[in-house]
Amino acid sequence: MTQIFFDPQQHYDCLQCGRGCRAGWDIPVEPEVVARVQTLPVRSDAFRQTYACPRHPQEVPGEAGKCPRCHLDAVHQVFIRNSKDSPNCSFLDPDQLCSIHRELGYEAKPATCKLFPFVLTQTPDGVYAGTTYYCTATRQNHGRPSSAHIDDLRHQLAHQAPVNKVAADGLVVYGRYYISYRDYQGLEAELTRRAARRGYLETLSLATLGLGCLMAELPDLEEEIVAIGERLPEMWNHPAFPYGSPVARLQELSRSQLADYFMFSLEKSLWPEVESGLNQGTAFSLPHFNWRGTFGDLEKLVDDRFNSKIERYLEHLVWRKALVVHPLLLPSLCQLQMLPTFLKVQAGLLAHLRNHEVTEQDYYDALENAETYLVTHGRNRRIIHEWAADILLGTLRG
Ligand code: SF4
């Protein structure tokens, strides 16, 4: 029987707030769910169909055909369509309850909805049952220990639950360099041990710089792939490690990641102003926050009161294998090390928009943005953090 691991510090019982059903996500729907739901008097536009490449989902052929990049056959997918005038799921009733659940029962729902807020990751040792902090109950650590849901998760695993997979070998660090899962476990154990003394904020920065130093001295490879698991321990005391606090050394990198994130959230006409803000220290505008200033001004908005909540969030992400569940270890480290800056700046901008001092609600709303755009449901995740790894290596190589 598959072993399922639970974060011993994580609690969860649903508060029925409906938050996850108002997020505007693309919820995939299995064919049997479509058949069941069509027995209901639903609107004819409740579902949206598309064809996409399984390897390059951004390359959408639009209809049955081949991916223009890798020539794999496009896969037919059906998604729930959101309401026309809001990000709400079409099946969310005004009382915040799901109409599929109400009319046809829990089992009739799409597999993604049944699993939420759990995030399952299959590793060579078993399945890690993490959670998304988009969920109100999860981030408030509300309810019974998450392990209380083991029977339900076993049932879901046997019935099409979506599962992330971490391979036993071939985990790419960057470029054509890879490690095994056992090598990664050694890295994670050292990271966790150091974080227990110095905290995740500091330790993730140290790990990012250390791994960056190790990768920066390796040549770019054209064809062969090379295992570097045995060299991983060097990252913690690398002779090329830049002088000074790792957090301060990575401030510039976090600024450029923020700039990339802002550009994704702004109209293209405003991008040059953000780029000048990053490169020349000039003022730029974020109209959606009613804010204008320099990156230096942005950092003055930062409030450290939520550091312990951020520590807990980072600890859970590392525990649930967020560093290796999506390809490329170095960009994933870049992602996690910049998250505290992202959360604090976002919370500060929201407080500015709302014309008050930073509150817990501002922090939670910032966390929602982090989960939506960068982490669990990260629409812009991969590209922003791969750019960050390129910039880091470029800087370290001089
Ligand atoms: S967001 Fe979490 S607490 Fe709210 S309804 Fe969904 S699962 Fe329940």
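Rules behind the numbers
Residues numbered from 1 in each chain as written. Predicted model: local features only at pLDDT ≥ 70, side-chain atom pairs only at ≥ 80, totals over all residues. Heavy atoms only, no water. Near = heavy atom within 4 Å. Nonpolar A, V, L, I, M, F, W, Y, C, P; charged D, E, K, R; others polar. Pairing = 2+ DSSP bridges. Helix = DSSP H or I, 4+ residues; strand = E, 2+ residues; numbered from the N terminus. Salt bridge = Lys/Arg side-chain N within 4 Å of Asp/Glu carboxyl O. Buried < 20%, exposed > 50% of the residue type's maximum accessible area, 1.4 Å probe, protein only. Domains from an automatic or database assignment. Contact = heavy atoms within 4.5 Å. Buried area = accessible area lost by both parts, 1.4 Å probe. Polar contact = N/O pair within 3.5 Å; in protein donor to acceptor, adjacent residues only side chain to side chain. Axes fitted to C-alpha atoms, helices over the stretch in contact; angles between N-to-C directions. Expected span 1.5 Å × (residues − 1). Phe/Tyr/Trp six-rings, centres within 6.5 Å; stacked < 30°, edge-to-face > 60°. Lys NZ or Arg CZ within 6 Å of the ring centre and 35° of its normal.

J.: Please clarify how the site of the ligand should be interpreted in this entry.
T.: Tyr12, Cys14, Leu15, Gln16, Cys17, Gly18, Arg19, Gly20, Phe116, Cys135, Thr136 and Ala137 make up every residue found near the ligand. Residue composition of the shell around the ligand, grouped by class: seven nonpolar, four polar and one charged.

J.: Help me understand the sheet that holds strand 8 (residues 177–179), please; the structure alone is not making it clear to me.
T.: Here we have three strands laid out as an open sheet, ordered 7-8-9, and mixed in their pairing. Both outer strands of the open sheet, strand 7 (171–174) and strand 9 (226–227), are each paired with one neighbouring strand and no more. Pairing analysis gives two bridges linking strand 8 to strand 9, with the strands arranged parallel. By the bridge assignment for strand 9, Tyr178 is matched with Ala227.

J.: How should I be thinking about the pattern of salt bridges in this particular structure?
T.: Oppositely charged side chains are able to pair whenever their charged atoms sit close together. Overall, the coordinates contain 24 salt bridges when judged by the stated rule. Across the salt bridge formed by Arg102 and Asp93, the nearest N and O atoms sit 3.1 Å from each other. The class of Asp93 is partly exposed, set by a relative accessible area of 23%. As a salt-bridge pair, Arg231 and Glu234 come within 2.9 Å of each other at their nearest N and O atoms. Where salt bridges share partners, they join Asp7, Arg312 and Glu315 into one cluster.

J.: Quick question: what am I supposed to make of unusual backbone geometry here?
T.: Across residues other than glycine, the phi torsion is negative in most instances, and most of the peptide bonds are trans. Here Phe116 and Pro117 are connected by a cis peptide whose omega angle stands at 10 degrees. Within the fold, Pro117 resides in the loop between helix 3 (111–115) and strand 4 (118–123). Positive phi outside glycine occurs at Gln16, with the angle close to 55 degrees. Tracing the sequence through the fold places Gln16 in the loop between strand 1 (4–6) and helix 1 (31–37). Among the residues examined, Gln16 registers a relative accessible area of 57% and is labelled exposed. Of note, Lys321 is a non-glycine position whose phi angle comes to about 70 degrees, a positive value. Relative to the elements of secondary structure, Lys321 occurs in the loop between helix 12 (307–319) and helix 13 (329–354).

J.: I tried to follow the domain arrangement of the protein chain on my own but got confused; where do I start?
T.: A common way to express how large an interface is: the accessible area buried when the components associate. For the protein chain, the assigned domains are domain 1 (4–46 + 81–165) and domain 2 (167–398). Computed over C-alpha atoms only, the centres of domain 1 and domain 2 are separated by 28 Å. Counting residues at the interface gives 26 residues for domain 1, matched by 21 residues for domain 2. Both faces considered, domain 1 and domain 2 share a buried interface measuring about 2,200 Å² in area, 55% of it formed by carbon and sulfur atoms. Taken as a group, Tyr128, Tyr133 and Arg139 account for 27% of the area that domain 1 buries against domain 2, more than any other trio of residues on that side. Put simply, domain 1 and domain 2 have three salt bridges between them. For Arg182, the salt bridge goes to Asp125, with nearest N and O atoms at 3.0 Å. Our count for the contact surface shared by domain 1 and domain 2 stands at 11 residue pairs in polar contact (both at pLDDT 80 or more). Those elements that place two or more of their residues in the side of domain 1 that touches domain 2 are strand 1, strand 4, strand 5 (126–131) and strand 6 (163–165). Among the elements that line the side of domain 1 that touches domain 2, the one with the most residues is strand 5, at four residues.

J.: Sorry, what's going on with the sheet that holds strand 5 here?
T.: Two modes of strand pairing occur in sheets, parallel and antiparallel, and in both the strands are linked by backbone hydrogen bonds. Reading across from one edge, 1-5-4-6 is the order of the four strands in this open sheet, with mixed pairing throughout. At either end of the open sheet lies a strand with only one pairing partner, and these are strand 1 and strand 6. Across the sheet, the axes of successive neighbouring strands diverge by a mean angle of 30 degrees, strand direction being ignored. Across three bridges, the pairing between strand 4 and strand 6 is parallel. Bridging across to strand 6, Gln122 finds its partner in Lys165. In the packing of helix 5 (residues 150–157) onto the sheet, contacts are made with strand 1, strand 4, strand 5 and strand 6, and the angle to strand 1 comes to roughly 140 degrees. On the sheet, helix 12 packs against strand 1 and strand 5 and is oriented at approximately 155 degrees with respect to strand 5.

J.: Quick question: what am I supposed to make of helix 12 here?
T.: Between the first and last C-alpha of helix 12 there are 18 Å, a value that for 13 residues agrees with the 18 Å anticipated at 1.5 Å per step. Within helix 12, the full set of buried residues consists of Ile310, Arg312, Tyr313, Leu314, His316, Leu317, Val318 and Trp319.

J.: Please explain the packing of aromatic side chains as it appears in this structure.
T.: The way to describe two aromatic rings as a pair is by their centre distance and the angle between their planes. Evaluation of the coordinates by the stated rule reveals 15 aromatic pairs. Ring geometry for Phe264 against Trp387: centres 6.2 Å apart, planes inclined by 10 degrees, an arrangement best described as stacked. Of the two residues, Phe264 is situated in helix 9 (residues 251–265) and Trp387 in helix 15 (residues 381–397); the sequence distance between them amounts to 123 residues. Among the aromatic residues, those joined into a cluster by ring pairs are Tyr261, Phe262, Phe284, Trp291, Phe295, Phe342 and Tyr373. Above the ring of Tyr128, the side-chain terminus of Lys321 is found at 4.2 Å from the ring centroid.

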